[in-house]
Amino acid sequence: MSEYIMKIGELRTYSRRVNLVGKVLEIGDPREVSSGSDNMLHQVAEVLIGDSTGTVLLTLWDENVGKFHEGDVVEIENGYSGTFRGRLRLNIGKYGNISKVDKEIEEIDEENNMSERDFGTNFRRRRR
């Protein structure tokens, strides 16, 4: 990863080109959701990842569901953040990548859960 490595505590509601490394702390149960864009069923799971500055929920789709385990350290390249129901979420998207890496993260700040902050459900991003 050659670009700036962001820390979870630095995430904002609409961060782009997010490159970070986090430890998988919890994995939610996968569920099926129907997409309005392609009328297909997709597998989705939320994964709590953390580093020394905080934790955040990462949304995994389809081929990435079931790929990681608690305790794994993952590297996210070109991800982005957004809100879902007023709560911050980290996403990989179609231009991003996530992979397991052989790194250690000893210290996790579990008190600063970025996904528990209320960013409001009425916030709308301005189109440019």
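Conventions we followed
Residues numbered from 1 in each chain as written. Predicted model: local features only at pLDDT ≥ 70, side-chain atom pairs only at ≥ 80, totals over all residues. Heavy atoms only, no water. Helix = DSSP H or I, 4+ residues; strand = E, 2+ residues; numbered from the N terminus. Buried < 20%, exposed > 50% of the residue type's maximum accessible area, 1.4 Å probe, protein only. Polar contact = N/O pair within 3.5 Å; in protein donor to acceptor, adjacent residues only side chain to side chain. Contact = heavy atoms within 4.5 Å.

Could you clarify how one ought to interpret unusual backbone geometry in this entry?
Among all residues except glycine, the phi angle is most often negative; among peptide bonds, the trans geometry is most common. Phi is positive for Asn39, close to 55°, though the residue is something other than glycine. Among the secondary structure elements, Asn39 is positioned in the loop between strand 2 (31-34) and strand 3 (41-51). Even without a glycine there, the phi angle at Asp62 is positive, about 40°. Tracing the chain through its elements places Asp62 in the loop between strand 4 (54-61) and strand 5 (73-84).

Can you walk me through the side chain of His42 in this structure?
Inspection of the secondary structure assignment puts His42 in strand 3. Relative accessible area serves as the criterion here: at 15%, His42 is assigned to the buried category. Here the side chain of His42 touches Asp38 through a polar contact of 3.0 Å, side chain to side chain. Once you skip the residues sitting within four places of it in the chain, His42 turns out to touch Arg31, Glu32, Val33, Ser35, Trp61 and Asp62.

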